[in-house]
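# An overview of the molecular structure
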Amino acid sequence: MSGIEAADASGINGAGLIGDANPLRPRNTILKRYCLIAGFASVVLVLTAHVFVFQTDWARTGGLGQMLKTAAWFLPNLGYFPSILLALFETFLIALFGTLIGMVIAIPVAVLAARNVTPAGLASYWAGRVTIVLSRSVHELIFALIFVSALGLGPLPGMLALAVRSVGFLAKTTAEAIENIDIGPVEAIEATGARRIAVLLFAVMPQVFPIFVGNVIFQFDINIRRAAILGMVGGGGIGLIFAEQIMSLAYDRAGTVVLGVVAMVLLGEYISIRIRSWLL
Amino acid sequence: MALLEVVGLKKTYPTGETALRGIDLTVNGAEVIAVLGLSGSGKSTLLRCINRLVEPSEGLVVLDGVRVSELDRRGLQRARRHMGMIFQEYNLVDRLTVLENVLSGCLGVASTWRAVTRAFRKDDIERAMELCSRVGILDQIRKRADQLSGGQRQRVGIARALMQQPKILLVDEPTSSLDPKIGAEVMELMCAVADEHNVPILVSVHDLDVATGYSKRIVGLREGRIVFDAETREVDRSMLQSIYTDQDAA
Amino acid sequence: MAVGEHGITVDDARRDYRRFVNLGRLIKFIALLLFCIFAVWTAWYMNMPLERLSGMFGRIGTMVFNRMMPPDLDYAMTGNVFYSILETIEMSFLGTVYGVLLAVPVAWFGAWNVTPSRTICYPLGRAALVLSRAIPPIIWAMILVVILGFGPMAGTITLVLLTLSFAGKLMSEQVEAIDMGPVEAIRATGAGEIKTFVYAVLPQVKAAWIGIIIYNWDSSFRASTILGFVGAGGLGLYLRSTTQLLDYERAMGIILVVIALVIASEILSHFARRRIR
């Protein structure tokens, strides 16, 4: 039967159990789709039960009331705020320099990881790409741990941890931008007999510059949040103070720290927006 | 000795497409030579094989005694400094100013440090400005290249190519992206300036009128082969017809 | 002196240019100088042990190759640790699912063009997005551990918040970029807010949203591997315990497992993205 005949045969009122008997939506597909959704939903429910019911010590957590009470402990103690300003400033600087160092490292890595300008063919391309993947797979806390053990406690390992972490994103997006450039100007500069590096600087860099700067600003924004926690493993900044307050059960002070972090993040976002409109 | 000699140039792309099937060409003095042919006839490929933006599959290119087609990377860079190229799509660096674009013509000889800091030599800047003045864009030199019109951009392209003080100008369909009146102005300018500097031009065109209007010699190209090579005044109808394939003529 | 077509001599241009370029160079130089001074001051202010930088690579090399190798992968594959890997995936999965479920209405509320109420819903939506994003996930995790106790529940909710902040923001931006035509058309039929959303907004953003969700899974999964560090469930717990006990070979084993998992998850999402096309 052709589709039209089938439609005629089912008639306008031909409503089946699962949807209308519409030849454009055969029953099999709808059945399949519902089964998939049901299956998915049941997996979700089972896992939810597992996590929320079985894995949680409800005796200690208490009911919703207790949870809200505990949450209220975090209400910020504003009197404590001035004492953390210095640490917040330090955190801000860690984020700033971490981003800048990462930016400097990311440029050569991006050149390596861009198929059209990589200097040593497949070898350098893979070197660049692997660096990017590693930088993005390892959390900054782990990098911070490594740097702290090599340099001691303080903001420097924190900056380096952020730098290494930022390279991944910056190099990846810049490499993609390089791979998408207009080849015309590159040909033109090559045709003048310019050296490789001159071609890079004059034909490639100007084209990717706006994207690069935008991404650096974006990373700076993200790095402020990352910098806030590095202190927990010794990387400087406000992270240590936060951990200390939690451990000494001074939850209201911890709340103050959170407030400070939020304020710092919002300030950072504001600065990012201003710089972006000024530069681009 | 001829200025440019092309012997037996062939190019087959990795896709299997053969663009050039054996080109022999000689350029002697400061003349304007038009390479006339339809799209796909190989004119662009021919120009690009001369400065090896496209690597020829076979054949010899000799510029002023130097066997360009056999040079290594360094040697090729040095050779390219003597060949100025002007592109159909202008190929300027959009974000840079007009002056910087013209100055990029001397990147071949500038040291790495100068390229990094954009600190070009005073006499280079001087020469760039004079070229800009000659092509009529001196009042635009601080504008970004993407703020210019098509005709203005091509003038910058001309200035950039001449900045190299080249021995020959390789010009790829310079007016195809411009409307006819502007195109004519650009062609006039280009031929005049090249003449002043005593530089031969090898220009690819698909428009008959442009070929006959500005060149002293026309080389007809069809499907990768030269079908005629004669002084413009000697070119007749049948020669012009030969650049069309049987399908086009029908 | 040749006079250009526009009445400017080359001399004029040269003078003009030199002034311009020199000023530009001066400004750049001053800016660079100020920045260097700032950098040096920062280094001094924060007592940065710059002299230790020279030996840094050597020390890291020693640490990695002597103390962290060979990585104790058996440790990572046994009993509790292996179970925590599963828990990490579980947390990540649930966090993404619930996060997306929550992100849909929040993205809708937080979109200026189609939010059901510009005075109530919009600020709520925006606040949710900003707040979830302004607080780093680990801090969220620590707070939730205090409120909810140790375990994957705190971690899952942290990931829900993370998804909200990341995917929610991107999804909201997509909604704000839609074509309002269909929205007006559906509204004109007298349909309520929810129906308008489902019939006019959703179809337009669906494709982009799926891409965002896949992209978000990557970053969610990465975060989930570390949340255990503060007791919120998953593999991170063992990272903490091994480094505190100076069991570096085991720590390295865990780090390698984390890297492998993250790469595996990225490959999966890469294929998922391909299939969507």
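Calculation criteria
Residues numbered from 1 in each chain as written. Chains lettered and ligands numbered in written order. Predicted model: local features only at pLDDT ≥ 70, side-chain atom pairs only at ≥ 80, totals over all residues. Heavy atoms only, no water. Axes fitted to C-alpha atoms, helices over the stretch in contact; angles between N-to-C directions. Helix = DSSP H or I, 4+ residues; strand = E, 2+ residues; numbered from the N terminus. Parallel < 35°, antiparallel > 145°, perpendicular 65-115°, else oblique. Contact = heavy atoms within 4.5 Å. Nonpolar A, V, L, I, M, F, W, Y, C, P; charged D, E, K, R; others polar. Salt bridge = Lys/Arg side-chain N within 4 Å of Asp/Glu carboxyl O. Buried < 20%, exposed > 50% of the residue type's maximum accessible area, 1.4 Å probe, protein only. Pairing = 2+ DSSP bridges. Domains from an automatic or database assignment. Polar contact = N/O pair within 3.5 Å; in protein donor to acceptor, adjacent residues only side chain to side chain. Expected span 1.5 Å × (residues − 1). Bend = angle between axes of the 7 residues up to and from the residue. pLDDT = per-residue confidence, 0-100.

Residues and elements named next belong to chain A. Interhelical geometry of helix H10 (residues 196-230) versus helix H12 (residues 251-279) gives an angle of 170° and a closest axis separation of 10 Å. Taken together, H10 and H12 sit at an angle that is classed as roughly antiparallel. Facing Val213, Gly214, Ile217, Phe218, Phe220, Asp221, Ile224, Arg225 and Ala228 of H10, the residues of H12 in contact are Val261, Met264, Val265, Gly268, Glu269, Ser272, Ile275, Arg276 and Leu279. Partitioned by chemical class, the residues of the contact of H10 with H12 number 11 nonpolar, three polar and four charged.

Inspection of every chain in the model, using the stated rule, returns 34 salt bridges over all chains. Between B:Arg52 and B:Glu55 there is a salt bridge, with the nearest N and O atoms lying 3.1 Å from each other. Accessibility expressed as a relative area gives 38% for B:Glu55, which makes it partly exposed. Note that B:Arg127 and B:Asp124 form a salt bridge whose closest N and O atoms lie 3.3 Å from each other. One end of the pair, B:Arg127, and the other, B:Asp124, are both in helix H5 (residues 122-135), three residues apart, so they sit about a helical turn from each other. You can call B:Arg127 partly exposed: its relative accessible area is 22%. What makes B:Asp124 buried here is its relative accessible area of 8%. Here the salt bridges share partners, and the residues they tie into one network are A:Asp221, A:Arg225, A:Glu269 and C:Arg133.

Residues and elements named next belong to chain B. In spatial order, the strands read S2-S1-S4-S5; together these four strands make up an open sheet with antiparallel pairing. Both edges of this open sheet fall to strand S2 (18-27) and strand S5 (66-67), since each of them pairs with a single strand only. With two bridges connecting them, strand S4 (residues 58-63) and S5 associate as antiparallel partners. In the strand pairing of S5, Val62 is matched with Arg67.

Next up on the list: the domain arrangement of chain C. Taken domain by domain, chain C comprises domain 1 (10-48) and domain 2 (71-276). Domain 1 of chain C and domain 2 of chain C are separated by 43 Å when their C-alpha centres are compared.

As a further point, take the domain arrangement of chain B. A common way to express how large an interface is: the accessible area buried when the components associate. Residues and elements named next belong to chain B. Looking at the assigned domains, one finds that chain B contains domain 1 (1-82 + 168-250) and domain 2 (91-165). Domain 1 and domain 2 are separated by 25 Å when their C-alpha centres are compared. The partner domain 2 presents 13 residues to the 14 residues of domain 1 that form the contact. Run the count over domain 1 and domain 2 and you get two salt bridges. Note that Arg155 and Glu185 form a salt bridge whose closest N and O atoms lie 3.4 Å from each other. Counting every contact that joins domain 1 to domain 2 gives six residue pairs in polar contact (both at pLDDT 80 or more). In terms of residues, the side of domain 1 that touches domain 2 owes the most to one element, helix H7 (residues 180-196), which gives eight residues. Along the lines of polarity and charge, the residues of the side of domain 1 that touches domain 2 split into nine nonpolar, one polar and four charged.

A separate point is helix H7 (residues 152-176) of chain C. Residue and element names in this part refer to chain C. Helix length check: H7 (25 residues) gives 34 Å between terminal C-alpha atoms against 36 Å at 1.5 Å per residue, within 8%. Gly168 marks the point of greatest bend in H7, at about 30°. Among the 25 residues in H7, 18 count as buried, and that is most of the element.

Time to look at the confidence of the model for chain B. Taken residue by residue, chain B gives an average pLDDT of 90. The fraction at 70 or more is 98%. When mean pLDDT is compared element by element in chain B, strand S7 (residues 168-172) of chain B scores highest at 95, while helix H10 (residues 246-249) of chain B scores lowest at 60.

Here we come to the pairing of strand S1 (residues 4-12) of chain B. All names here are of chain B. Strand direction decides the pairing type here: S1 and S2, joined by seven bridges, are antiparallel. For Val6, the partnering residue across the bridge sits in S2 and is Leu25. Counted between consecutive antiparallel strands, the loop separating S1 from S2 contains five residues, among which Gly16 sits at a positive phi close to 105°. Of the pairings in the sheet, the one linking S1 to S4 comprises five bridges and is antiparallel in character. Bridging from a neighbouring strand, Lys10 pairs with Glu58 of S4.

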